[in-house]
Amino acid sequence: MEMNKPEYHVVSLSGGKDSTAMLLMMLERGMQIDCILFCDTGLEFPGLYAHLEKLEQYIGRPITRIKAEHSFEYFFCQHRIRRKRSTAFAEKYGADHLGYGWAGPKMRWCTERLKNEPRERYLRKLRDTYTVIEYVGIAADEGYRMERKNNQNPNHRHPLIDWNITEAECLQYCYDHGFHWDGLYEIFHRVSCWCCPLQSLSELRKLYRHFPELWNQLKKWDSMTWRNFRADYSVQELEKRFDFEEEWQKAGKPLRSKAFYSALKNHLASQTGKEDA
């Protein structure tokens, strides 16, 4: 603890099952909570925003919402980034493309710009006066996340790990307290940013089937950037794949087969050819 600075206890709330369960359990235990902090990326499912409103009413206290200085779309396709013309990027894409484009495994700019930077700006001001203790909702069966440098801050606390509460137990606990996220967890395993290209094909398939309006926005953004949505598919190609899968299954054919992947490859090639013709 910093000398002569009182502690200020901040719950880092993503709005998902783990951080929600952590918050409710902390309140049940009468633990000190000075601020409940939610970083709004603007990319959450409608059901998650509705959940936050319900949660706020349930606990009878406000949730502090903070945002980045600019929107996702600005950073995605409008922000001017200095790039060296001699780099491999410039050789492949040109040096004058605006925006970061879609995130990748080694370039998760959206997490940094839309979550980490706004949170750090907010907490930095508090640290002038307090020793900030931040509570993070990492479940007991996610211990591997503790190996990451950002989770080894000595002023971070991980109550769910201390209490040996798993992800499944967090979800059931929330259900038992009347929180259902408009059924999001009955569809998805995780309910973070809906447009993330790092999601599995399974999650993206569910997004396409259950949230057509969000999918249409995904297609729009994909047409506005230099970077492919995934290394293997554009959003348009994913849509064609998912539709082809449905046709293939209706014909009683198995998806997990060489025949399917061969037919899919030919299907995508023929579709692309028709569009380019």
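Now for a description of the structure that goes with this document. None of these values were measured; they are calculated from a predicted model.

All right, on to the sheet that holds strand β1 (residues 7-12) then. Strand order in the open sheet formed by five strands is β3-β2-β1-β4-β5, and the pairing between neighbours is parallel. Across the chains shown, the open sheet's two edge strands, defined by having one partner strand only, are β3 (64-66) and β5 (156-157). Two elements, strand β4 (residues 131-135) and β5, share two bridges in a ladder whose sense is parallel. Counted as the bridge partner of E134 is H156 from β5. Sitting on the sheet, helix α2 (residues 46-59) touches β2 (35-39) and β3, and the angle it makes with β2 is about 175°. Strand contacts of helix α5 (residues 109-127): β1, β2, β3 and β4, with the helix running at about 150° to β2, the strand carrying the most contacts.

Moving on to helix α8 (residues 201-210). Inspection of α8 places L201, E203, L204, L207 and Y208 among the buried residues, and these make up the whole buried set. Down the axis of α8, the buried set is contained in an arc of 160°. They therefore lie on one face. Where α8 is buried, its residues meet α9 (212-222) and α10 (235-250).

The rules behind each value
- Residues numbered from 1 in each chain as written.
- Predicted model: local features only at pLDDT ≥ 70, side-chain atom pairs only at ≥ 80, totals over all residues.
- Heavy atoms only, no water.
- Pairing = 2+ DSSP bridges.
- Helix = DSSP H or I, 4+ residues; strand = E, 2+ residues; numbered from the N terminus.
- Contact = heavy atoms within 4.5 Å.
- Axes fitted to C-alpha atoms, helices over the stretch in contact; angles between N-to-C directions.
- Buried < 20%, exposed > 50% of the residue type's maximum accessible area, 1.4 Å probe, protein only.
- Arc of directions from axis to C-beta.

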